[in-house]
Amino acid sequence: MNIFTRILPKASQQTSHAFHFHILPPPKPRFPLPRQSHTSTVPELPSPPQDAAIAKLVLESDPESLSEVLSNPTLQWTPHLVDQVLKRLWNHGPKALQFFKHLDCNPFYTHSASSFDHAIDIAARLRDYRTAWTLLHRMRSLRCGPTPRTFAIIAERYVSAGKAHRAVKVFLSMHEHGCRQDLNSFNTILDVLCKSRRVEMAYSLFKMLRSRFKCDSVTYNVIANGWCLIKRTPMAMRVLKEMVERGIEPTLVTYNILLKGYFRTGQFQEAWNFFLEMKKRECEIDVVTYTTMVHGFGVGGEVKKSKRVFDMMVTEGVVPSVATYNALIQVLCKKDNVQNAALVFAEMVRKGCVPNLTTYNVLIRGLCHSGDMERALELMARMEKDDCRPNVQTYNVVIRYFCDAGDIEKGLNMFEKMGDGSCLPNLDTYNILIGAMFVRKKSDDLVVAGKLLLEMIDRGFLPRKFTFNRVLNGLALTGNQDFAKEIMRMQSSCGRVPRHLKL
DNA sequence: ATAACCTTAC
């Protein structure tokens, strides 16, 4: 609870209505035109498997033989191909950077700006800022950047590493690196700060620089959304009021942000009233509005209302998108039962709406949760043929539930499957599995835990202190002192930046 | 990669 919500909440019941009148457009006594929302029903083109083969090659070859492998003249490097390979190696940062570096030395190939951005992102995620900046300077000397996007990436990495001030500094100095500051980059840095919940800082920066940039509705929406994210809806209201006072029209995006904000703070009545008000004033309510409603009511436990809103949108001629179906499916999984969720899944397919990764992951989680691992695995197999291959999250869900059910072997088998190619494990995967190695209290399991720990470090993931201690204790108790010592040596040598990361 | 809706974690 903060000061503002303490001061304003009682009043907000009444005053926010006054605000609605302020922020919403004046009533238009005309009858509504049915709005058609676009759904993304066009499947992505399958990417050629060449990048998978190259990623595998990179993973298997040691640093010495790598340059030989990569200078094979039959390989036709294109920026797109390089990007794809980097994405595949996302969860093996050190290898990804090795790959990038070797190709950078290839005299017949020059990296594109987007590949540089990927590499910088990977380096900064490993907290290897030196490498990130070296790459940025190299980009400049090759005259392919840095672009505003490059700075957005660096800022985001700084913020998520708890260095928000550095992110702001980077923004303020970007012109010194040959990249113009404009309203777009200003909006971007504000958004980066807000999305990482550093809303206070974003708001200060906004107040400090708003006279320098001609702020637009995006600026205000970004800030309002930030306040809503941290459940300070009254502050969002205040920003929006100011927006109106400065003559900037709120848009549908503004309304959707505020609507979501009400759900975040559990103000269902407010949300409902606001929605009705939007209808009354004939805002062009869109699929996002409805999806927000379906999701908001559903996760709040109001399944009936959630379904009613879903039916309402269909009646009003707004076509549900994948996101709408995903919201409903998630709600049914969590607050109703999986069978009904599966029915909605079938329904969306019948209507020609193509399920995406989220759809599958939500439903697979629901099935796992109800103990139906078999159907979960069936669905996972079905993904493959829908050209929607399981990602790390999919694997993590299944592995977690296998382990929770005591089927450690099956969890480990699943993990093995990831190792052989398409989907590299991430930090969560390692944490889930290492945790599972303690349930059987077997010495062998702890050795596996130790190996997993070393492997994750090797791939650029830094285990928490807690994880180290747990594994070390386990190994010591089961008579694996030597292995424990080896891990301790590793622990002391891997500070913030794994040392083998020299570019 | 300029904003709003859909997964995630003990």
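Computed from a prediction, not measured in an experiment: that's the story for all the values here. (Residues numbered from 1 in each chain as written. Chains lettered and ligands numbered in written order. Predicted model: local features only at pLDDT ≥ 70, side-chain atom pairs only at ≥ 80, totals over all residues. Heavy atoms only, no water.)

### With respect to the overall build of chain A
For chain A, the count of helices and strands is 28 helices and zero strands. Relative to all contacts within chain A whose residues are 6 or more apart in sequence, the contacts with residues 24 or more apart total 66%. Surface exposure of chain A reaches about 25,400 Å², of which carbon and sulfur atoms provide 55%. (Helix = DSSP H or I, 4+ residues; strand = E, 2+ residues; numbered from the N terminus. Contact = heavy atoms within 4.5 Å. Areas by Shrake-Rupley, 256 points an atom, 1.4 Å probe, with all protein chains shown as cover.)

### As for the protein's contact with DNA strand B
The immediate surroundings of DNA strand B are formed by 32 residues, with Val218, Lys260, Asn326, Gln330 and Arg365 found nearest. Close to the protein, within 4 Å, the atoms of DNA strand B belong to sugar or phosphate groups at a rate of 58%. With respect to DNA strand B, the backbone of Ala323 contributes an N or O atom lying 3.4 Å from a sugar or linking oxygen. Counted by class, the surface near DNA strand B contains seven nonpolar, 14 polar and eleven charged residues. (Near = heavy atom within 4 Å. Polar contact = N/O pair within 3.5 Å; in protein donor to acceptor, adjacent residues only side chain to side chain. Nonpolar A, V, L, I, M, F, W, Y, C, P; charged D, E, K, R; others polar.)

### Quick word on the side chain of Thr219
Within the secondary structure, Thr219 sits in helix H13 (residues 217-229). A polar contact is formed between the side chain of Thr219 and the side chain of Asp216, at a distance of 2.9 Å. Among residues more than four places away in sequence, those in contact with Thr219 are Leu183, Phe186, Asn187, Leu190 and Phe206.

### Things to note about helix H16 (residues 268-280)
Spanning 13 residues, H16 covers 18 Å between terminal C-alpha atoms, matching the ideal 18 Å at 1.5 Å per step. Looking only at H16, the buried set comprises Glu270, Ala271, Trp272, Phe274, Phe275, Glu277 and Met278. (Expected span 1.5 Å × (residues − 1). Buried < 20%, exposed > 50% of the residue type's maximum accessible area, 1.4 Å probe, protein only.)

### Focus on the packing of helix H15 (residues 252-264) against helix H17 (residues 287-299)
One can describe the packing of H15 onto H17 by two numbers: an axis separation of 10 Å at closest approach and a directional angle of 0°. Put simply, H15 runs roughly parallel to H17. Contacts between H15 and H17 involve Leu252, Asn256, Leu259, Lys260 and Phe263 on the former and, on the latter, Val288, Thr289, Thr292, Met293, His295, Gly296 and Phe297. Here the contact of H15 with H17 is built from residues that sort into six nonpolar, five polar and one charged. (Axes fitted to C-alpha atoms, helices over the stretch in contact; angles between N-to-C directions. Parallel < 35°, antiparallel > 145°, perpendicular 65-115°, else oblique.)

### Some details on the pattern of salt bridges
This model, assessed by the stated rule, comprises 16 salt bridges. Ionic pairing is found between Asp51 and Arg88, a salt bridge with its closest N-O pair at 2.5 Å. Linking Asp51 in helix H3 (residues 50-60) with Arg88 in helix H5 (residues 79-88), this pair joins segments that are 37 residues apart in sequence. You can call Asp51 buried: its relative accessible area is 2%. The exposure class of Arg88 is buried, given its relative accessible area of 16%. For Glu245, the salt bridge is made with Lys241, and the minimal N-O distance between the two is 3.2 Å. With Glu245 and Lys241 both in helix H14 (residues 233-245) and four residues apart, the pair spans about one turn of that helix. One connected set of salt bridges, linked through shared partners, spans Arg210, Glu242 and Arg246. (Salt bridge = Lys/Arg side-chain N within 4 Å of Asp/Glu carboxyl O.)

### Brief notes about a positive patch on the surface
A surface patch of like charges, here positive, comprises Lys334, Lys335, Arg365 and Arg400. Structurally, Lys334 can be placed in helix H19 (residues 322-335). (Patch = residues over 30% accessible without salt bridge, like charges linked within 9 Å, V, L, I, M, F, W, Y side chains within 5 Å. Lys, Arg positive; Asp, Glu negative; His and termini not counted. Charge placed at Lys NZ, Arg CZ, Asp CG, Glu CD.)

### Re the UniProt feature "repeat: PPR" (unreviewed entry) in chain A
UniProt feature "repeat: PPR" (unreviewed entry): in the numbering of this structure it lies at residues 182-212, 216-250, 251-285, 286-320, 321-355, 356-390 and 391-425. Along residues 251-285 one finds 74% helix and 0% strand; the C-alpha atoms at either end are 11 Å apart. Between the C-alpha atoms that bound residues 321-355 there is a distance of 10 Å. The span itself is 77% helix and 0% strand. (UniProt positions renumbered as here; feature names shortened; annotations may be inferred.)

### Some words on the nonpolar core
The nonpolar side chains of a soluble globular protein tend to be buried with one another. Counting residues in hydrophobic clusters, the biggest one holds 159 residues, and the most contacted among them are Trp77, Phe99, Phe186 and Ile364. Formed jointly, this core draws a minimum of three residues from each of two domains, domain 1 (52-145) and domain 2 (437-503). In contact with Ile364, not counting residues within four places along its chain, are Ala376, Leu379, Met380, Met383, Thr394, Val397 and Val398. (Core = buried A, V, L, I, M, F, W, Y, C linked by side-chain atoms within 4.5 Å. Domains from an automatic or database assignment.)

### Re the side chain of His177
Topologically, His177 is positioned in the loop between helix H10 (164-172) and helix H11 (183-195). The contacts of His177, once residues within four sequence positions are left out, are Trp133, Leu136, His137, Arg140, Pro146 and Phe151.

### Things to note about the packing of aromatic side chains
Scanning the model with the defined rule gives 21 aromatic pairs in all. Judged by centre distance (5.2 Å) and plane angle (75°), the ring pair of Phe100 and Phe116 falls under edge-to-face. In this pair, Phe100 sits in helix H6 (residues 93-105) while Phe116 sits in helix H7 (residues 113-125), placing the two residues 16 residues apart along the sequence. Judged on exposure class, the residue Phe100 and its partner Phe116 are both buried. With 5.9 Å between their ring centres and 65° between their planes, Phe263 and Phe268 make a pair best called edge-to-face. Among the residues examined, Phe263 registers a relative accessible area of 9% and is labelled buried. (Phe/Tyr/Trp six-rings, centres within 6.5 Å; stacked < 30°, edge-to-face > 60°.)

### Let's talk about unusual backbone geometry
For the bond running from Gly145 to Pro146, omega is 0°, close enough to zero to count as cis. Mapped onto the secondary structure, Pro146 falls in the loop between helix H8 (129-141) and helix H9 (148-160). Phi at Arg143 is positive, roughly 55°, even though this residue is not glycine. Along the chain, Arg143 falls in the loop between H8 and H9. For Arg143, a relative accessible area of 75% corresponds to the exposed category. The residue Lys441 is not glycine, and still its phi comes out positive at about 55°. Relative to the assigned elements, Lys441 resides in the loop between helix H25 (427-436) and helix H26 (443-458). Its relative accessible area of 69% is what places Lys441 among the exposed residues.

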